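Examining the three-dimensional arrangement
Residues per chain, in single letters:
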Amino acid sequence: LFLSSTTFAQELNCRVDVNFESLPVNNRELLTDFQGVIENYMNTTRFTNEDWAQKIDCSMSIFFTSAGSDVDYSAQIVIISQRPIYRSTNNSPILTVNDGQWQFKYQKGQALYANQTSFDPLTSFLDYYALIIIGMDMDTFEPLGGTVYFKRAQDIVNLGANSGASLGWQSSSAAYSRWGLVNDILSATYSFFRNSIFDYHYGIDIFAQNKQLGQPKIANLVDVLWIMYEKLGSINSVYVRTFFDAKYGELIDYLRDYPDPEMFSKLKKIDPPHSSKYDAVMP
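Described in the following lines is the structure provided in the data block. (Residues numbered from 1 in each chain as written. Predicted model: local features only at pLDDT ≥ 70, side-chain atom pairs only at ≥ 80, totals over all residues. Heavy atoms only, no water.)

Thoughts on the overall build of the protein chain
Looking only at helices and strands, the protein chain has 10 helices and four strands in total. In sequence order, the secondary structure elements of the protein chain are arranged as β-α-α-β-β-β-α-α-α-α-α-α-α-α. Taking 19 Å as the expected radius of gyration for a compact globule of 283 residues, we find that the protein chain reaches 20 Å, a close match to that expectation. By principal-axis analysis of the C-alpha atoms, the protein chain measures approximately 60 × 45 × 35 Å. Partitioning the contacts of the protein chain with sequence separation of at least 6, the portion at a separation of at least 24 is 69%. About 13200 Å² of surface is accessible on the protein chain, with carbon and sulfur atoms providing 48% of the total. In the protein chain, which carries 22 positive and 31 negative side-chain charges, the distance between the mean positions of the two groups comes to 3 Å. (Helix = DSSP H or I, 4+ residues; strand = E, 2+ residues; numbered from the N terminus. Rg over C-alpha atoms; globule rule 2.2 N^0.38 Å. Contact = heavy atoms within 4.5 Å. Areas by Shrake-Rupley, 256 points an atom, 1.4 Å probe, with all protein chains shown as cover. Lys, Arg positive; Asp, Glu negative; His and termini not counted. Charge placed at Lys NZ, Arg CZ, Asp CG, Glu CD.)

Observations concerning the side chain of Asp-139
Here Asp-139 shows up in helix 3 (residues 123–139). Judged by its relative accessible area of 3%, Asp-139 is buried. A distance of 3.1 Å separates a polar side-chain atom of Asp-139 from the backbone nitrogen of Gly-145. One polar contact links Asp-139 to Arg-194, side chain to side chain, over a distance of 2.6 Å. (Buried < 20%, exposed > 50% of the residue type's maximum accessible area, 1.4 Å probe, protein only. Polar contact = N/O pair within 3.5 Å; in protein donor to acceptor, adjacent residues only side chain to side chain.)

A look at the packing of aromatic side chains
One pass over the structure, following the stated rule, counts 20 aromatic pairs. Ring geometry for Trp-102 against Phe-125: centres 4.1 Å apart, planes inclined by 5°, an arrangement best described as stacked. Remark: Phe-125 occurs in helix 3 and Trp-102 occurs in strand 4 (residues 91–105); sequence separation between them is 23 residues. Judged by its relative accessible area of 0%, Phe-125 is buried. Here Phe-125 and Tyr-129 contribute two aromatic rings whose centre-to-centre distance is 5.0 Å and whose plane-to-plane angle is 65°, an arrangement assigned as edge-to-face. Of this pair, Phe-125 and Tyr-129 both sit in helix 3, separated by four residues, roughly a single helical turn. Note on accessibility: Phe-125 and Tyr-129 belong to one class, buried. Over the ring of Trp-169 we find Arg-178, and its NZ or CZ is 4.3 Å from the ring centre. (Phe/Tyr/Trp six-rings, centres within 6.5 Å; stacked < 30°, edge-to-face > 60°. Lys NZ or Arg CZ within 6 Å of the ring centre and 35° of its normal.)

Focus on the packing of helix 7 (residues 211–232) against helix 9 (residues 263–270)
Between helix 7 and helix 9, the shortest axis-to-axis distance is 10 Å and the interhelical angle comes to 55°. Between helix 7 and helix 9, the interaxial angle falls into the category oblique. Relative to helix 9, the crossing made by helix 7 is left-handed. For the pair helix 7 and helix 9, the contacting residues are Ala-219, Val-222, Asp-223, Leu-225, Trp-226 and Tyr-229 in the first and Met-263, Lys-266, Leu-267, Lys-269 and Ile-270 in the second. (Axes fitted to C-alpha atoms, helices over the stretch in contact; angles between N-to-C directions. Parallel < 35°, antiparallel > 145°, perpendicular 65-115°, else oblique. Left-handed = near helix turned anticlockwise from the far one by under 90°.)

Details of helix 6 (residues 191–206)
End to end, helix 6 covers 24 Å across 16 residues, agreeing with the expected 22 Å (1.5 Å per residue, within 8%). The axis of helix 6 is deflected most strongly, by about 30°, at Ile-197. Among all positions of helix 6, only Phe-193, Arg-194, Ser-196, Ile-197, Tyr-200, His-201, Gly-203, Ile-204, Asp-205 and Ile-206 are buried. (Expected span 1.5 Å × (residues − 1). Bend = angle between axes of the 7 residues up to and from the residue.)

A few points about the environment of Leu-186
On the secondary structure map, Leu-186 appears in helix 5 (residues 178–186). Note: C-alpha distance between Leu-186 and Tyr-239 (53 residues apart in sequence) is 9.7 Å. Setting aside chain neighbours within four positions, we find Leu-186 in contact with Thr-147, Phe-150, Lys-151, Gln-154 and Arg-194.

Some words on the environment of Ile-235
Its location among the elements puts Ile-235 in the loop between helix 7 and helix 8 (238–255). With relative accessibility at 13%, the residue Ile-235 sits in the buried group. Sequence separation between Ile-235 and Lys-269 is 34 residues, and the spatial gap between their C-alpha atoms is 9.2 Å. Look past the residues within four positions of Ile-235 in its chain and what remains in contact with it is Tyr-190, Leu-225, Met-228, Tyr-229, Val-240 and Ile-270.

Re unusual backbone geometry
With a phi angle near 55°, Arg-87 is a residue other than glycine that sits in the positive phi range. Within the fold, Arg-87 resides in the loop between strand 3 (72–84) and strand 4. With relative accessibility at 65%, the residue Arg-87 sits in the exposed group. With a phi close to 60°, Leu-144 is a non-glycine residue in the positive phi region.

Observations concerning the pattern of salt bridges
This structure, assessed with the given rule, holds 12 salt bridges. For Asp-51, the salt bridge goes to Arg-46, with nearest N and O atoms at 2.7 Å. One salt-bridge network, in which partners are shared between bridges, spans Asp-223, Asp-260 and Lys-266. (Salt bridge = Lys/Arg side-chain N within 4 Å of Asp/Glu carboxyl O.)

Written out as structure tokens, the structure reads:
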């Protein structure tokens, strides 16, 4: 859908914001360059072997929560990505993640180097989310187009788990974990849902020009999840929850006049965390 005469080696156009108000003054002074270092790493590292015609717009909001020393930190991070809607000035949200389990070392003036064959709590975390952002973006333009990047993200998870790092890198019953997200994405259990992601975004892309064709493609993804819900009784998936965290508002906007009167009743059961939002548009 998107062609350009200009190609970019790097894949991301990432904006980074940092908040270290919770830290002691000394640590704040030691982190004055952190925002620029992380933003530079995300925007200059080449995470794939492809040349990209259009960089992926994304953002990272980093909230430092504690400092164990002058170099040991804990942080919470909110990661958002989006992609353009065809022939529109609007964007479609792709990823919204709130990860509260990031622990790493950072020394002022430290240079960051990409190395996806060994584990580093700082750069491996950034590499993982870069690959997730890229993989999710690719899935919207080609059925299962992001698989190669998700597999590389899974490799990073395995490196993290084998390194002894526990927070987010190992199997967990927590509502969100990096392990849970990538394993659900690559799981056969959710392959039918993931296969629907391309058609869903095709529906988003053509909605303005052909609503009669576009809207059913958007609704079909809900029907796919509804079939899964009826079989399983519930959907307990980090991947599906992550999808809805990004997409619930978009689903409401595009389906509010859909002829199936049960559409938002289905969404309330599939996506309980946003049930009040669906209630607001139900007749």
